[in-house]
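The lines below spell out each chain.
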Amino acid sequence: MEMRRLGRTGLSIAPLVFGGNVFGWTADEKTSFSLLDAFFDAGFNAVDTADVYSSWAPGNRGGESEAIIGKWLKQSGRSRDSAVIVTKVGSELGPDRKGLSRRWIMQAVEDSLRRLQTDYIDLYLSHWPDPDIPYDETLAAYDTLLSQGKLRAIGASNLDAQQMRDALDVAAAKDLPRYDVLQPEYNLYDRASYDGPLRNLCIAEEIGVITYFSLARGFLSGKYRSHKDLEGSARGGGVEKYLDGRGMRILGVLDEIAEETGAKQAEIAAWIIAREGVTAPIASATNPDQLASLVRSAELDLPEEAIRRLNEVSE
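The sections below set out a description of the structure shown in this document. (Residues numbered from 1 in each chain as written. Predicted model: local features only at pLDDT ≥ 70, side-chain atom pairs only at ≥ 80, totals over all residues. Heavy atoms only, no water.)

Some details on the packing of aromatic side chains
Per the counting criterion, the structure on display carries 14 aromatic pairs. Ring centres 5.6 Å apart and planes at 85° place the aromatic pair Trp25 and Trp56 in the edge-to-face group. Residue Trp25 is found in the loop between β3 (17-19) and α1 (29-41), and its partner Trp56 is found in the loop between β4 (46-48) and α2 (64-76); the two are separated by 31 residues along the sequence. For Trp25, a relative accessible area of 27% puts it in the partly exposed group. Residue Trp56 is classed as partly exposed on the basis of its relative accessible area, which comes to 40%. Between Phe219 and Tyr242, the aromatic rings sit 5.4 Å apart at their centres with planes inclined by 15°, giving stacked as the arrangement. Here Tyr242 lies in the loop between α7 (236-239) and α8 (245-261) and Phe219 lies in the loop between β9 (208-211) and α7, a separation of 23 residues in the sequence. A relative accessible area of 0% means that Phe219 is categorised as buried. Site record: aromatic cluster; members linked through ring pairs are Phe18, Phe23, Phe39, Phe40, Phe44 and Trp72. When the ring centre of Tyr120 is taken as origin, the NZ or CZ atom of Arg80, which lies over that ring, is 4.1 Å away. The cationic tip of Arg246 hangs over the ring face of Tyr189; the distance from NZ or CZ to the ring centre is 5.0 Å. (Phe/Tyr/Trp six-rings, centres within 6.5 Å; stacked < 30°, edge-to-face > 60°. Helix = DSSP H or I, 4+ residues; strand = E, 2+ residues; numbered from the N terminus. Buried < 20%, exposed > 50% of the residue type's maximum accessible area, 1.4 Å probe, protein only. Lys NZ or Arg CZ within 6 Å of the ring centre and 35° of its normal.)

Here it is as structure tokens:
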């Protein structure tokens, strides 16, 4: 399996990251274990989660995904250094359990370490911008945790180009660790927020990029083509926005390339793997067939003509 350097972190990951948002939600513990086993057996090595996953599921409080990953790693017999674990802090878990203050980060990281059953986190991300906390307070907290060995690298999710630039400037001015990874929303449909200044900044600064909603919440798999298809789907509410003219045009090109290549739409939508400025997309699976498709997507070598058509229809 090809390994890619994740920015300046010193970490190397395979060109696809498993999205752990499904653990404890649409994938129960037993299913999650089997999916993780199959993913790592196929040569991949990174899994993405957050302290808030999957608090939205009935009966959950947050931390369920981390707990499943931690239990799996212990029971699997795999060495800790065989897995690159990415998790996040900042989303609301309660009135005083949110944001990027030093107080909350220092507590939240201990909670995550306990659930993950490990003494270090490979990559820790600020989940959302926190306008109430200056960058230097957040980065100083990370500096302490890095020096303690509880974190190996840090990054951020959902920053725009100016916010990322400001964070980098503060780190440089105050001799603090910088965000070496960005996790933006990015896929064939949602390109505007990353393409342009933010992508250019990440390339220029050698920032590793792992993208989320890489299959547009499953829309780019071709599974959802009408409002009727959304009925009974746990993801239906998030997919509805894609059922417009732009979405249908993108699906049309995916269908054409699927017919020409024999690959599935979800595999072709992993066009993102070859995109300059992207280290690896995050994608989820909830059954063996979906996982097998993810594995094939990392091996698919799309013709240049197909990539050109995907670029054009999604611009």
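A short note on the pattern of salt bridges
Counted according to the given criterion, the structure contains 27 salt bridges. One salt-bridge network, held together by shared partners, links Arg165, Asp169, Arg178, Asp180 and Glu205. (Salt bridge = Lys/Arg side-chain N within 4 Å of Asp/Glu carboxyl O.)

Topic: the packing of helix α5 (residues 161-173) against helix α6 (residues 197-204)
In contact at an axis separation of 8 Å, α5 and α6 are set at 30° when each is read in the N-to-C sense. By the criterion of interaxial angle, the relationship of α5 to α6 is roughly parallel. Taking contact as the criterion, the partners of Ala161, Met164, Arg165 and Leu168 in α5 are, on α6, Pro197, Leu198 and Leu201. Taken together, the residues that form the contact of α5 with α6 break down as six nonpolar, no polar and one charged. (Axes fitted to C-alpha atoms, helices over the stretch in contact; angles between N-to-C directions. Parallel < 35°, antiparallel > 145°, perpendicular 65-115°, else oblique. Contact = heavy atoms within 4.5 Å. Nonpolar A, V, L, I, M, F, W, Y, C, P; charged D, E, K, R; others polar.)

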